[in-house]
Amino acid sequence: MAALAGVLDGRDAPLVPIPAGDLRESELLTTSLRVGEEIDDDVALVVSTSGTTGTPKGAMLTPAALIASASATHDRLGGPGTWLLALPAHHIAGIQVLVRSLQAGTMPVELDVSAGFDPAELPTAVAQLGSGRRYTSLVATQLAKALLDPAATAALGELDAVLLGGGPAPRPVLEGAAAAGIAVVRTYGSSETAGGCVYDGVPLDGVTIRLDDGTEPGEGRIVIGGPTLALGYRNRPGSGQFAGPSGDPFAEPGWFRTDDLGILDEAGTLRVLGRVDEAISTGGLTVMPAPVEAVLSRHPAIADCAVFGIEDDRLGERVVAAVVLVTGAPEPTLDHIREHLEQSLDPTAAPRELHIVDELPRRGIGKLDRRALRERFANGGDLPGGYGW
C-alpha cells in the first residue's frame, strides 16, 4: 500500500507489479517489460496484460488514470468503502482494490489466495471489514465456489457490491447469486483501461464507447475512450500483432481499440459478444460463441459451458461445445442440445460436436481458455459418446 501510494502521488519511480511466489513469471515480466530502463515520467504502474499473444505487453498507467477509475467506481457504487482483496494484487483487478482503498482512506482486508481461493475463509474476512459500505471484486469461478458454501454465500450477501470480472459468468452462477441476495455488478475492462470501465453494460462516468467495423447497425469492434486509458504499451506492438490498421490499438489519440466485438442498444448499454479471434466461420457464416453459450447455460443440466471452433474440411470450421453438467443431471445427447439451441438461434449456431468435461480450462484470474479446448479436441481427439454431426 505504501509503495502504491508513492507512485500515485508522484513521489516514487514507476512500479511493475509481479507475483511474489512465481519466480519464472517474475523474471519474464522483469525482462520483457524492461525494468530499470528509462520510462515516461507520467507512468505510475506498468501492468502486465492478460492476453494470449505470448510476451507480456505491459499497459503503462498514469496516476490520473488509476485514480479516475477508482473515483468513478465509488461514484457508481454509492460511495467509498472498505474493500476485501480476494484477487492477486499483481492483476489489474487486485491493484484497483488497493487504489480504491487508498482513495477511500481505508485499509483493505486481504484474503490469501496464493494457494487458491477457499470460500470457507470468506465469513471471517467479511466480518473484518467492519461497518460502513463494504465491497469486493471476484471472478466467476470464485463466486461459483462460494455459492456451494452457505456461510460464504451469506457473507457475500452482506456486501454492498461484488464486482465480477474476468469474462462472462455462467447464467446459473448469476441466478444463484441473485437468489441469495448477492449484489453482483458485472464488469468489463482490461489492464489497458485501468480495470473495469463498464458496469452492467453502462460505461463509468467519463468513459466513452463506440463500435467500429460493424456489419450490422449497433454492432462492431469495441473502442474505448476516456480518462482511465493507459498511455500505451511498454512493449511497442509489432506489425500485424495487435488490433488496428497501424498494428497499435492506441494509434488513435484518446482511444483504445479492443479485440472485442459488442452490441450497443439505443440506451447506450453495451453487450460484449466476445473476442474477434473467437468468431467461428462455419459454412460461410459467422458464429460468435457468447450468444450460443448464453442459450446453452439456460439448459437445466448445464452448469458451465464453452463454445469454440475446430477446423473442418467441409465447413471451414465446425461449432463445438464443451459443457460441465450439474451434479446428478442426466447426460444430454448432441441432438438434444441442438434442439435446445435451435429454439432460440439459427441452426448454423448449434454445435456439431459435444464434449462433457469435468471442468473448463482457465488462465490468469479465471478467463476461459478456448485455445486449450481447441488443442484438446482438434482432429477428433478425446471424443465422448455425445459426438456427432
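Here the structure is a predicted model, which is why all the values come from computation and not from measurement. Here, residues in each chain are numbered from 1, in the same order as that chain's written sequence. Given that the model is predicted, a residue must reach a pLDDT of at least 70 before its local features are reported, and side-chain atom pairs must reach 80 or more before they are shown or counted; all residues, however, enter totals for whole chains, interfaces and linings. For the side-chain quantities, the full set of heavy atoms in the structure was used; hydrogens and water were omitted.

What to know about the overall build of the protein
Next up, step 1: Strands here mean DSSP runs of E at least two residues long; helices mean DSSP runs of H or I at least four residues long; both are numbered from the N terminus. Looking only at helices and strands, the protein has eleven helices and 20 strands in total.
Next up, step 2: Compactness check: the protein gives a C-alpha radius of gyration of 21 Å against a globular reference of 21 Å for 389 residues, within 12% of the reference.
Next up, step 3: The principal-axis extent of the C-alpha atoms belonging to the protein is close to 65 × 50 × 45 Å.
Next up, step 4: Think of it in three bands: with a 1.4 Å probe and only protein chains considered, a residue is buried below 20% of the maximum accessible area for its type, exposed above 50%, and partly exposed in between. Taken over 389 residues, the protein has a buried fraction of 48%.
Next up, step 5: It only takes one pair of heavy atoms within 4.5 Å for two residues to be counted as in contact. Of all intrachain contacts in the protein linking residues separated by at least 6 positions in sequence, the fraction that spans at least 24 positions is 63%.
Next up, step 6: Two residue types count as positive, namely Lys and Arg, and two as negative, namely Asp and Glu; His and chain ends fall outside the count. All charge positions are set by atom: Lys at NZ, Arg at CZ, Asp at CG, Glu at CD. The positive charge centre, built from 30 side chains, and the negative charge centre, built from 51, are 2 Å apart in the protein. Atoms counted for the radius of gyration: C-alpha only. Globule rule: 2.2 Å times residue count to the power 0.38.

Some thoughts on the pairing of strand E6 (residues 161-165)
Next up, step 1: Burial analysis of E6 places five of its five residues in the buried class, which makes it a mostly covered element.
Next up, step 2: Of the two faces of E6, the one carrying Ala 161, Leu 163 and Gly 165 and the one carrying Val 162 and Leu 164 are both buried.
Next up, step 3: With five bridges joining them, strand E5 (residues 134-139) and E6 adopt parallel strand pairing. Bridge pairing links Tyr 135 to Ala 161 in E6.
Next up, step 4: By the criterion used throughout, a crossover qualifies as right-handed when its path from the first strand across the helix to the second strand runs clockwise, the strands pointing away from the viewer. Viewed along the sheet, the connection from E6 through helix H8 (residues 171-179) into strand E7 (residues 184-190) turns out right-handed. We treat two strands as partners when DSSP finds at least two bridges between them.

Re the sheet that holds E5
In a beta sheet, neighbouring strands pair by backbone hydrogen bonds and run either parallel or antiparallel.
Next up, step 1: The strand order E4-E3-E5-E6-E7-E8-E9 describes an open sheet built from seven strands, whose pairing is mixed. Two strands close off the open sheet at either side, each with one partner strand: strand E4 (109-110) and strand E9 (202-203).
Next up, step 2: Bridging between strand E8 (residues 195-199) and E9 involves two bridges; their strand directions are antiparallel. Following the sheet pairing, Tyr 199 is matched in E9 by Val 202.
Next up, step 3: Axis definition: a line fit to C-alpha positions, over the contact stretch in the case of helices; interaxial angles, taken between N-to-C directions, run 0 to 180 degrees. Contacts from helix H4 (residues 92-104) reach strand E3 (82-85), E5, E6, E7 and E8 within the one sheet, and its direction differs from that of E3 by about 155°.

Details of unusual backbone geometry
Next up, step 1: The backbone of Ala 194 shows a phi angle near 60°, a positive value even though the residue is not glycine.
Next up, step 2: As for its position among the elements, Ala 194 is in the loop between E7 and E8.
Next up, step 3: Taking the relative accessible area as the measure of exposure, Ala 194 reaches 0% and is therefore buried.
Next up, step 4: Backbone geometry places Asp 200, a non-glycine residue, at a positive phi of 50°.
Next up, step 5: Relative to the elements of secondary structure, Asp 200 occurs in the loop between E8 and E9.
Next up, step 6: By relative accessible area, Asp 200 is classed as partly exposed at 36%.

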